[in-house]
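Chains, contacts and geometry: an overview
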Amino acid sequence: MTLRDNIIYQLEKNRGNFISGQEIAKSAGVSRNAVSKTINSLKNDGFLIESVNNSGHRLLENSDVVSEFGIRAFLDNSDDLEIRTFKTIDSTNNEAKRAIADGMTTDGIFVADQQTSGRGRRGKSFYSPEKSGLYFTAVLHPEATLSDSVGITALTAIVVADVIGEVTKKHPKIKWVNDIFIDNKKVCGILTEAVSDFEANRVQAIIVGIGINLTTHLFPDEISEIAGSVGSINRCFLAAEIFKRLKAGCENLVERKFMDDYRKYSLVIGKEVEFSQNGINYIATAKDISDDGSLLVITHEGKEIALNSGEISVRLNKN
Ligand code: BTN
């Protein structure tokens, strides 16, 4: 670990509290002068650090630079985990796929301050302006078949809703399939992809892309009605916490006990929905979500249909 990484790690672990230059110097085995120089360079890079004579240095609560060791500070035993952060990238999902293609076999976390080609589901783009959201991809290797792994989508939505709810005390909801809404505004989208060994029915790696609008206030016209923001949250913490819970949740992909939580968070169950299937438009009432993730609806004509996330999109009826 470089001195810089070591200091970032210690500052993040003690965020809000002073650590003396001497203490840092001693634990890193370097001079106090070397510590001062590194602290100054971190300040130049945007870390909000307060330095006070006789007290030392502290990372301020509103400091929001994403870094590998800032994320590691929130994880136990993360040595085997690949963590890469970027000022700007086309898409963290794309970068994760490139890393896998280049031979990365471990789990991974990819975070960018900004995405130039952020991708959403069904070929849509995901608006990813600089430093105002968490644009994050987790790479995981669950011991599961291809079909069991599909549950990671629901699991991710629950994990994100749990964490956002706990931190903000707001009440996130999941709009089937996996958009997170707060106060009827979409604050997060999830794009799950897989690298799979089709013949062996095994997943080689799952790529979970999560975009959370944190402090974005101005959205492009086409999404300005629907998009909203969560509010400021430490992005290093958020990425680490979501990753930790996803990793733990992967143990339950086969049994899918988490589907009860998914149903509890549902914004859709009991509501009128509009959808089209095979060129026909329907209005229906959403009745339930099955353990395999299908949305069970009953149309106004009394026809029961199980909607599969892959084939249709649902709009909540405005009335
Ligand atoms: C959606 O709303 O349809 C899904 C949006 C997913 C966006 C995230 S941001 C991080 C990761 N990288 C991407 O290009 N997309 C996902």
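Given the structure is predicted, the values throughout are model-derived calculations rather than measurements. (Residues numbered from 1 in each chain as written. Predicted model: local features only at pLDDT ≥ 70, side-chain atom pairs only at ≥ 80, totals over all residues. Heavy atoms only, no water.)

Comments concerning unusual backbone geometry
At the junction of W176 and V177, the peptide bond is cis and its omega measures out at 10° in the coordinates. Note on placement: V177 falls in the loop between β6 (173-175) and β7 (179-182). In this model, R122 sits at a positive phi of 50°, which is unusual for a non-glycine residue. By the secondary structure assignment, R122 is in the loop between β4 (108-115) and β5 (133-140). Positioned with a positive phi, R256 is a non-glycine residue whose angle comes to about 55°. Following the sequence through the fold, R256 ends up in the loop between α9 (235-249) and α10 (259-264). Residue classification places R256 among the buried residues on the basis of a relative accessible area of 13%. (Helix = DSSP H or I, 4+ residues; strand = E, 2+ residues; numbered from the N terminus. Buried < 20%, exposed > 50% of the residue type's maximum accessible area, 1.4 Å probe, protein only.)

Some points on the side chain of R15
As for its placement among the helices and strands, R15 is situated in the loop between α1 (3-13) and α2 (21-28). A distance of 2.9 Å separates a polar atom in the side chain of R15 from the backbone oxygen of E61. Once residues lying within four places of it in the same chain are set aside, the contact partners of R15 are L59, L60, E61, N62, S63 and N234. (Polar contact = N/O pair within 3.5 Å; in protein donor to acceptor, adjacent residues only side chain to side chain. Contact = heavy atoms within 4.5 Å.)

Here's the deal with the sheet that holds β7
Overall, mixed pairing links the seven strands, which are arranged β3-β4-β5-β9-β8-β7-β6 in an open sheet. Here the strands that pair on one side only, and so sit at the sheet edges, are β3 (82-89) and β6. Across the sheet, the mean angle separating the axes of adjacent strands is 20° when strand polarity is ignored. With three bridges connecting them, β7 and strand β8 (residues 185-197) associate as antiparallel partners. When the sheet's bridge partners are listed, I182 is paired in β8 with K185. Where helix α5 (residues 92-101) meets the sheet, its contacts fall on β3, β4, β5, β8 and β9 (202-213), and the angle it forms with β9 comes to roughly 155°. Those strands touched by α9 are β4, β5 and β9, and its axis lies near 30° from that of β5. (Pairing = 2+ DSSP bridges. Axes fitted to C-alpha atoms, helices over the stretch in contact; angles between N-to-C directions.)

A closer look at α2
Every buried residue of α2 is accounted for by G21, I24 and A25. In an axial view of α2, the angular spread of the buried residues amounts to 100°, which keeps them on one side of the axis. Those residues of α2 that are exposed and angled more than 90 degrees off the buried face are Q22 and K26. Buried residues in α2 make contact with α1, α3 (32-44) and β2 (56-59). (Arc of directions from axis to C-beta.)

Description of the pattern of salt bridges
On inspection of all chains with the given rule, the structure shows 21 salt bridges. Note that D261 and K264 form a salt bridge whose closest N and O atoms lie 3.6 Å from each other. Highlighted residues: D261 and K264, both in helix α10, separated by three residues, approximately one helical turn. Exposure remark for D261: the relative accessible area of 33% places this residue in the partly exposed category. Using a relative accessible area of 63% as the deciding quantity, one classes K264 as exposed. A network of salt bridges, in which partner residues are shared, links E166, E241, K244 and R245. (Salt bridge = Lys/Arg side-chain N within 4 Å of Asp/Glu carboxyl O.)

Here we look at the side chain of H57
As for its placement among the helices and strands, H57 is situated in strand β2. For H57, a relative accessible area of 11% puts it in the buried group. A polar atom in the side chain of H57 sits 2.8 Å from the side chain of S51. Residues contacting H57, with those up to four places away along its chain left out, are L11, N17, F18, I19, G21, I24, I39, I49, E50 and S51.

Brief notes about the site of the ligand
Not every one of the 19 residues close to the ligand is listed here, only the nearest: S91, Q115, R119, R121 and K186. Backbone polar atom of R121 to an oxygen atom of the ligand: 2.7 Å apart, as the coordinates give it. Coverage of the ligand by the protein amounts to 97% of the 410 Å² it exposes when considered alone. Of the residues that constitute the shell around the ligand, the class distribution is five nonpolar, ten polar and four charged. (Near = heavy atom within 4 Å. Areas by Shrake-Rupley, 256 points an atom, 1.4 Å probe, with all protein chains shown as cover. Nonpolar A, V, L, I, M, F, W, Y, C, P; charged D, E, K, R; others polar.)

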